[in-house]
Amino acid sequence: MAVLTVDNVSFSYVAGIPTLRNVSLAVHRGEFLTLVGPNGSGKSTLLKILDRIFLPDEGNIALDGTPLATFTRADIARKMAYVPQDREGVFPFTVEEIVLMGRAPHTAGMVFEGEGDREVARKMMGLTDIGHLASHPVTNLSGGERQRAFIARALAQQPEVLLLDEPTAHLDIAHQVDIFRLLRSLSVDTGLTVVSVTHDLNLAAMYSDRIAMLQCGTIAAAGTPSEVLTVDRIRDVFRAEVVVDLHPAATAPRVTVLR
Amino acid sequence: MNQFLPDRRSPLTPRRLAFILGVLTAILASAGLLALSVGSVAVPFRAVIGSCTGLFPVDSLERLIVIDIRLPRVLLAFLVGAGLSVAGAVLQALLRNPLAEPYILGISSGGTMGTILAIALASGIGHIVAPAASFAGSALVMLLVYALAHRRGQLEPYTLLLAGVMVGAFFNALVLLTVALFNQELRNAFLWLMGNLSGASMDALLIAGPLTLLATIPAFVFARQYNLIATGDETALQLGVDVRALRRRSYAIASIITGAVVSVSGVVGFVGLIIPHVTRMIFGPDHRLLIPASFLLGGTFLILADTLARTIIAPAEIPVGAVTAVIGAPVFIYLLRRR
């Protein structure tokens, strides 16, 4: 069953230069979907349209079968969380303060979070392995630690759908794998629907249920990793020569760049 | 005290908020008491308290000095310091820039232009003409800057900043031109440019007081949303904040406070920049504490600065803006170097 339906969506930042053209896509409940594609292919834009940060010029988005346009901003925040690519960290909020902010959609109209909210925040800091940094200002953390703090904040929203824009961009390989494993287990164990933009085709292949590959604002292919990640398609979309074989320790395709 | 320092801090609780604001209120009251007591004639604390509360009988001269002469000025200093600090804290959150301050939107230059014109064209002006002209100038600049910064139905922070700086520069040039043309009033104009509370009167308070205090109430109400917007527009939006409306309302709040304050005090520098900054360093960036604490600390700071301004070379006095700059600039440079 589809939790999010994208129906014939088009969007342009500048009139006459479409960023997305007639995109249609269904995101199934509980699945882990990755969006891949070259720079400028419209991945991040699509993600922002899914969270109604941008409104599509044409077409419709539906969340649980209801048009997204009819939700209030707070309703969306209780159902979907979005982790943007750039997070600004000029002010020294502590990790725990940042994660507690994720409770805002559930505590609207209140001045303070309650004990239950703190419990949720602690749990999410544990899941993202930043519990030991709770009282540290985010401005003193490494890029990867800060990234995990913002993922913990999105989890503290207790959303049905989690949208992430390159969640592993600043992470070392161990923490890249940790984040993807965490997203995978949340999706399998709790039924969380995950949509993540990534540039790492191999992580996408290993951990996601489906991959949607974007090319110049359209969906070039969507399906299981082995259906989408083929030599010809990667040559066509990324203009890269690759070999695709089987991952030695997993039942996933493995992409190796030749030139 | 360790738990209040920003380096290792647990999230804000109602108890801690109440405790800190209680302490800051006590400090504010002490500063007020001191300011009412010292001056060209020293009035004992007991007489000050008696004059304000009527708890014990007081000499009528002492009562006159405390209530009619010093109280309006102390209240004005509090109002100006508290208002500028809240406006500064709000703008720093919205622009996500700890160097933002109330005058960055160009409003003070409009207020100055209005006052200078009033001084130049109507010598011997009353208590009402100059503040009214100043507020009109501030309002003009506010509308101009907003009109320039409005694009596709929303206020863009960087366009707003640039518009504020440019309109500010333009009006500052007009101010200099006017001062050059009417140079017999140069001294008054310079006092204004430096910030000056010597014109304090109940009339000034009645104009600026309600306006400033009413405009600070929404700043307290929006405190939680400022926490969210301080970590990014998109994250605030995705957490359910109506970012456009918050921006529009908050710029209006900051503009009204700044316009009101400038109309009765001129351009008192550094308070709106330093106080929120220092408050954040002491108590952390949570706006539920930062905004009320800046309000109290800003008021306290300006009461003390103005007490210094009117006593240091008594019976003459120096503009309070000179005191805040002389204290504020080195403190700020120290803080910047320490980071």
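Because the structure is predicted, anything quoted here is derived from the model rather than measured.

1. Details of the sheet that holds strand E5 (residues 66-67) of chain A
Residue and element names in this part refer to chain A. Spatial ordering of the open sheet is given by E2-E1-E4-E5, a layout of four strands whose pairing is antiparallel. One side of each edge strand has no neighbouring strand; the edge strands of this open sheet are strand E2 (20-28) and E5. Sheet analysis places strand E1 (residues 2-11) next to E2, joined by six bridges and oriented antiparallel. Along E2, the bridge assignment pairs Phe11 with Leu20.

2. Brief notes about the sheet that holds strand E8 (residues 193-197) of chain A
Think of a sheet as strands paired side by side through backbone hydrogen bonds, with each pair either parallel or antiparallel. Residue and element names in this part refer to chain A. Taken in spatial order, the six strands make up an open sheet running E6-E7-E8-E3-E9-E10, and their pairing is mixed. Strand pairing shows two members of the sheet lacking a second neighbour, strand E6 (80-83) and strand E10 (218-223), which therefore form its edges. With strand direction ignored, the average angle separating the axes of adjacent strands in the sheet is 15°. As paired elements, strand E3 (residues 32-36) and strand E9 (residues 210-215) share four bridges and run parallel to each other. If you follow Leu35 over to E9, its bridge partner there is Ala212.

3. Topic: the environment of Met194 of chain B
In this fold, Met194 of chain B is placed in helix H7 (residues 186-194). Looking at Met194 of chain B, the relative accessible area reads 38%, which means it is partly exposed.

4. Notes on the packing of aromatic side chains
Inspection of every chain in the model, using the stated rule, returns nine aromatic pairs over all chains. Residues Phe220 of chain B and Phe295 of chain B carry aromatic rings whose centres are separated by 5.7 Å and whose planes lie at 80° to one another, so their mutual orientation is edge-to-face. In this pair, Phe220 of chain B sits in helix H8 (residues 202-221) while Phe295 of chain B sits in helix H13 (residues 287-311), placing the two residues 75 residues apart along the sequence. By relative accessible area, which is 31% here, Phe220 of chain B ends up partly exposed. The exposure class assigned to Phe295 of chain B is buried, which follows from its relative accessible area of 13%. The structure contains a cluster of three or more aromatic residues connected by ring pairs, namely Phe11, Tyr13 and Phe54 of chain A.

5. Focus on the pairing of strand E4 (residues 58-63) of chain A
Residue and element names in this part refer to chain A. Two strands pair when backbone bridges link them, and E1 and E4 are joined in this way by five bridges, in the antiparallel orientation. In the sheet register, Val6 faces E4, and the bridge partner there is Ile61. For E4 and E5, the ladder comprises two bridges, and the chain directions are antiparallel. Bridge pairing in E5 places Ala62 opposite Pro67. Taking the residues that link successive antiparallel strands as the turn, the E4-E5 hairpin has two residues, and the phi of Asp64 there is positive, at about 50°.

6. Quick look at empty space enclosed by the protein
Summed over the entire model, instances satisfying the criterion amount to four cavities of 30 Å³ or more. Estimated volume of the largest cavity: approximately 90 Å³. Lining the largest cavity are Glu97, Leu100, Met101, Ala104 and Glu113 of chain A together with Pro11, Arg224, Asn227, Leu228, Asp286 and Arg288 of chain B. Looking at the lining of the largest cavity, the elements with two or more residues in it are helix H3 (95-101) of chain A together with helix H9 (223-229) of chain B.

7. Quick word on the interface of chain B and chain A
Facing the 32 residues of chain B at the interface are 38 residues of chain A. The interface formed by chain B and chain A holds three salt bridges in total. The interface formed by chain B and chain A contains eleven residue pairs in polar contact (both at pLDDT 80 or more). Those elements that place two or more of their residues in the side of chain B that touches chain A are helix H1 (14-37), helix H3 (60-94), H9, helix H10 (233-238) and H13 of chain B.

8. What about a nonpolar patch on the surface?
Residue and element names in this part refer to chain B. Together, Leu34, Phe45, Ile49, Leu55 and Leu304 make up an exposed nonpolar region whose accessible area comes to about 440 Å². Note on placement: Phe45 falls in helix H2 (residues 45-53). Taking relative accessible area as the criterion, Phe45 reaches 42% and is therefore assigned partly exposed.

9. Here we look at the nonpolar core
In this structure, Leu35, Val95 and Leu162 of chain A together with Val80, Tyr226 and Tyr251 of chain B are the most contacted members of the largest nonpolar core, which totals 160 residues. When residues in this core are grouped by element, the largest group, 17 residues, is from H3 of chain B. Once residues lying within four places of it in the same chain are set aside, the contact partners of Tyr251 of chain B are Leu91, Leu94, Leu95, Leu105, Tyr146, Leu155, Pro157 and Leu160 of chain B. In terms of nonpolar packing, the next biggest core, distinct from the first, is built from 15 residues, Ala205, Ala221, Val228 and Val237 of chain A among them.

10. Here's the deal with helix H6 (residues 157-181) of chain B
Between its terminal C-alpha atoms H6 of chain B stretches 36 Å, which fits the 36 Å expected from 25 residues at 1.5 Å a residue. Residues of H6 of chain B that are buried: Pro157, Thr159, Leu160, Leu161, Ala163, Gly164, Val167, Gly168, Phe171, Val175, Thr178 and Val179 of chain B.

11. What to know about the pattern of salt bridges
Residues and elements named next belong to chain A. Going through the model one piece at a time under the given rule, you end up with 23 salt bridges over all chains. Between Asp51 and Arg73 there is a salt bridge, and its shortest N-O distance comes to 3.5 Å. Pair noted here: Asp51 is in the loop between helix H1 (43-50) and E4 and Arg73 is in helix H2 (residues 73-79), with a separation of 22 residues, a long-range link. With respect to class, Asp51 is no different from Arg73; both count as buried. For Arg122, the salt bridge goes to Glu119, with nearest N and O atoms at 3.3 Å. Pair noted here: Arg122 and Glu119 are both in helix H4 (residues 115-127), with a separation of three residues, about one helical turn. Given a relative accessible area of 45%, Glu119 falls into the partly exposed group.

12. Overview of the layout of surface pockets
Put simply, the largest pocket is a space of about 1,400 Å³. Of all the secondary structure elements, the ones that give two or more residues to the lining of the largest pocket are H1 of chain A together with strand E2 (154-155), H6, H10 and helix H11 (243-265) of chain B. When residues of the lining of the largest pocket are assigned to their parent elements, the largest contribution, four residues, is made by H10 of chain B. A class-by-class count of the residues in the lining of the largest pocket yields 15 nonpolar, nine polar and 16 charged.

13. Side note on the packing of helix H12 (residues 271-283) of chain B against H13 of chain B
Residues and elements named next belong to chain B. Orientation of H12 relative to H13, taken along the N-to-C sense of each, is 125°, at an axis distance of 9 Å. With respect to H13, the element H12 is oriented oblique. Note on packing geometry: the crossing formed by H12 with H13 is right-handed. Residues Val271, Ile275, Pro276, Thr279, Arg280 and Phe283 of H12 touch H13, and the partners they reach there are Leu289, Leu290, Ala293, Ser294, Leu297, Gly298, Phe301 and Leu302. Residues that form the contact of H12 with H13 fall into these classes: ten nonpolar, three polar and one charged.

Conventions and cut-offs
Residues numbered from 1 in each chain as written. Chains lettered and ligands numbered in written order. Predicted model: local features only at pLDDT ≥ 70, side-chain atom pairs only at ≥ 80, totals over all residues. Heavy atoms only, no water. Pairing = 2+ DSSP bridges. Helix = DSSP H or I, 4+ residues; strand = E, 2+ residues; numbered from the N terminus. Axes fitted to C-alpha atoms, helices over the stretch in contact; angles between N-to-C directions. Buried < 20%, exposed > 50% of the residue type's maximum accessible area, 1.4 Å probe, protein only. Phe/Tyr/Trp six-rings, centres within 6.5 Å; stacked < 30°, edge-to-face > 60°. 1 Å grid on protein atoms, 1.4 Å probe; cavity = no way out; pocket = protein on both sides within 12 Å on 5 of 7 lines; lining within 4 Å. Points joined across faces, edges and corners; volume = space filled by probe spheres on them. Contact = heavy atoms within 4.5 Å. Salt bridge = Lys/Arg side-chain N within 4 Å of Asp/Glu carboxyl O. Polar contact = N/O pair within 3.5 Å; in protein donor to acceptor, adjacent residues only side chain to side chain. Patch = residues over 30% accessible without salt bridge, like charges linked within 9 Å, V, L, I, M, F, W, Y side chains within 5 Å. Areas by Shrake-Rupley, 256 points an atom, 1.4 Å probe, with all protein chains shown as cover. Core = buried A, V, L, I, M, F, W, Y, C linked by side-chain atoms within 4.5 Å. Expected span 1.5 Å × (residues − 1). Nonpolar A, V, L, I, M, F, W, Y, C, P; charged D, E, K, R; others polar. Parallel < 35°, antiparallel > 145°, perpendicular 65-115°, else oblique. Left-handed = near helix turned anticlockwise from the far one by under 90°.

Any functional reading would require information that these geometric values do not contain.
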